[in-house]
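# Remarks on the overall topology
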Amino acid sequence: MTFEDLPPRANEIPLTNRRVAADVIDLIISDADRAAGCVAVMICDSEDRGIQPVVLHDVPPDAEAGGFAQLLDMLLPLVAGNDGAVLIGRGRPHGTAPNDTDRAWHQMAIDRCADHDVDLLGYYLATADGVFRLPEPLSAVS
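Rules behind the numbers
- Residues numbered from 1 in each chain as written.
- Predicted model: local features only at pLDDT ≥ 70, side-chain atom pairs only at ≥ 80, totals over all residues.
- Heavy atoms only, no water.
- Helix = DSSP H or I, 4+ residues; strand = E, 2+ residues; numbered from the N terminus.
- Buried < 20%, exposed > 50% of the residue type's maximum accessible area, 1.4 Å probe, protein only.
- Areas by Shrake-Rupley, 256 points an atom, 1.4 Å probe, with all protein chains shown as cover.
- Lys, Arg positive; Asp, Glu negative; His and termini not counted.
- Charge placed at Lys NZ, Arg CZ, Asp CG, Glu CD.
- Pairing = 2+ DSSP bridges.
- Axes fitted to C-alpha atoms, helices over the stretch in contact; angles between N-to-C directions.
- Patch = residues over 30% accessible without salt bridge, like charges linked within 9 Å, V, L, I, M, F, W, Y side chains within 5 Å.
- Salt bridge = Lys/Arg side-chain N within 4 Å of Asp/Glu carboxyl O.
- Phe/Tyr/Trp six-rings, centres within 6.5 Å; stacked < 30°, edge-to-face > 60°.
- Lys NZ or Arg CZ within 6 Å of the ring centre and 35° of its normal.
- Contact = heavy atoms within 4.5 Å.
- Polar contact = N/O pair within 3.5 Å; in protein donor to acceptor, adjacent residues only side chain to side chain.
- pLDDT = per-residue confidence, 0-100.
- Core = buried A, V, L, I, M, F, W, Y, C linked by side-chain atoms within 4.5 Å.

Along the chain, the regular secondary structure elements total five helices and five strands. Dimensions of the chain, computed from C-alpha atoms along their principal axes, come out at roughly 35 × 35 × 30 Å. Across the 142 residues that make up the chain, the buried fraction comes to 39%. Carbon and sulfur atoms make up 53% of the accessible area of the chain, which totals about 7500 Å². Of the charged side chains in the chain, 10 are positive and 23 negative; the average position of the first set lies 4 Å away from that of the second.

Encoded structure:
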């Protein structure tokens, strides 16, 4: 999907659909951001529709999650106050499977969202090789 071939009324589609969520991550994390490393948060409204992407650029693939945790601690109370949700993507140059750093960032996002009572609609890895969803927390799957 590209910005040129978005479905009609794309802003009305909830990001609870995994294919749509992956397409949104693919749109907001550019090839350049994947090459340089990044993290993206799509802020969603109370109906789980994307309303504002936030992309942090030039995040090295082996970066510690502390700075992102601080961002989430500032952002998530505002999202919670509006009964919103978030969709998160981490961009890195290559690969199709999460590494230890990706898993640590994913777990931190799960924990921060739970702490702030914000739904995490999904966490994706975006690379030059594609966009891949990381698994749901075990409590959500069981």
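Our next topic: the sheet that holds strand β4 (residues 119-127). Taken together, the five strands give an open sheet; going across it, the order is β2-β1-β3-β4-β5, and neighbouring strands pair in mixed fashion. The sheet terminates laterally at β2 (50-57) and β5 (130-133), the two strands that pair on one side only. Across this sheet, the average inter-strand angle for adjacent strands is 20°, counted without regard to direction. Alignment of β4 against β5, held across four bridges, turns out to be antiparallel. Looking at β5, one finds that T127 is bridged to G130.

Quick look at a negative patch on the surface now. Together, E47, D83, D117 and D119 make up a negatively charged patch on the protein surface. Relative to the elements of secondary structure, D119 occurs in strand β4.

Turning our eyes to something else, we now look at the packing of aromatic side chains. Per the stated rule, a full pass over the model turns up one aromatic pair. Above the ring of W105, the side-chain terminus of R90 is found at 4.1 Å from the ring centroid.

Those residues of helix α1 (residues 18-28) lying buried are A21, A22, D23, V24, I25, L27 and I28. For α1, the secondary structure elements touched by its buried residues are α2 (31-36), β1 (38-44), β2, β3 (85-91), β4 and β5. Sitting at the amino-terminal end of α1 is N17, which places a side-chain oxygen 2.9 Å from the backbone nitrogen of R19.

Before going further, it helps to examine the pairing of β1. Judged by how many residues are buried, β1 sits mostly within the fold: seven of seven residues are covered. Burial along β1 is two-sided: C38, A40, M42 and C44 facing one way and V39, V41 and I43 facing the other are all buried. With seven bridges joining them, β1 and β2 adopt antiparallel strand pairing. Directly across from I43, in β2, lies its bridge partner Q52. Count of turn residues in the β1/β2 antiparallel hairpin: five residues, of which D48 carries a positive phi of about 65°.

Moving on, we get to the confidence of the model for the chain. Overall, the predicted model of the chain reaches an average pLDDT of 91, with 91% of residues at or above 70. The spread of mean pLDDT over the elements of the chain runs between helix α5 (residues 138-141), the lowest at 57, and β3, the highest at 98.

With that out of the way, let us pick up the environment of D115. Turning to its location among the elements, D115 is positioned in helix α4 (residues 100-115). For the pair formed by D115 and D73, sequence separation is 42 residues and the distance between their alpha carbons is 9.2 Å.

Counting 23 residues, the largest nonpolar core has V41, F68, L72, V86, I88 and W105 as the members making the most contacts within it. A total of seven residues in this core trace back to one element, the largest contributor, which is helix α3 (residues 66-81). When near neighbours in sequence (up to four residues on either side) are disregarded, F68 contacts V39, V41, L56, I88, W105 and M108.

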